[in-house]
Amino acid sequence: MSEIDNGKAPMSPEEQKVYQARQKQRAVILAALLFFMVVLFYLITIVKISGGS
């Protein structure tokens, strides 16, 4: 993904908590979008199989 920059100081515990919270929030949003897409495709498939257009 990105190269490690050895010139930067390591993150403080507070910065690390904020970073991990953002990562978790991003993961939850992506999981919700994936779930929404699965449900949408499922519903589209059911409508097409049942003969609706």
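Above this text is the structure in question.
Residues numbered from 1 in each chain as written. Predicted model: local features only at pLDDT ≥ 70, side-chain atom pairs only at ≥ 80, totals over all residues. Heavy atoms only, no water.

Peer 1: For this particular structure, what's the right way to read the overall build of the protein?
Peer 2: Across its full length, the protein carries 1 helix and 0 strands. Summed over all atoms, the accessible surface of the protein reaches about 5500 Å², with 66% contributed by carbon and sulfur. (Helix = DSSP H or I, 4+ residues; strand = E, 2+ residues; numbered from the N terminus. Areas by Shrake-Rupley, 256 points an atom, 1.4 Å probe, with all protein chains shown as cover.)

Peer 1: Would you mind going over a nonpolar patch on the surface with me for this structure?
Peer 2: Taken together, the side chains of F35, V39, Y42, L43 and I46 make up a nonpolar region of the molecular surface, amounting to roughly 510 Å² of accessible area. Tracing the chain through its elements places F35 in helix α1 (residues 13–49). Looking at F35, the relative accessible area reads 58%, which means it is exposed. (Patch = residues over 30% accessible without salt bridge, like charges linked within 9 Å, V, L, I, M, F, W, Y side chains within 5 Å. Salt bridge = Lys/Arg side-chain N within 4 Å of Asp/Glu carboxyl O. Buried < 20%, exposed > 50% of the residue type's maximum accessible area, 1.4 Å probe, protein only.)

Peer 1: Is there a simple way to explain α1 in this structure?
Peer 2: For the α-helix, the turn length of 3.6 residues means that residues three or four positions removed from each other point alike. Counted at 1.5 Å a residue, the expected span for α1 with its 37 residues is 54 Å, and the 54 Å between its end C-alpha atoms agrees. In the stretch just after α1, G51 is the one whose phi turns positive, near 95°. (Expected span 1.5 Å × (residues − 1).)

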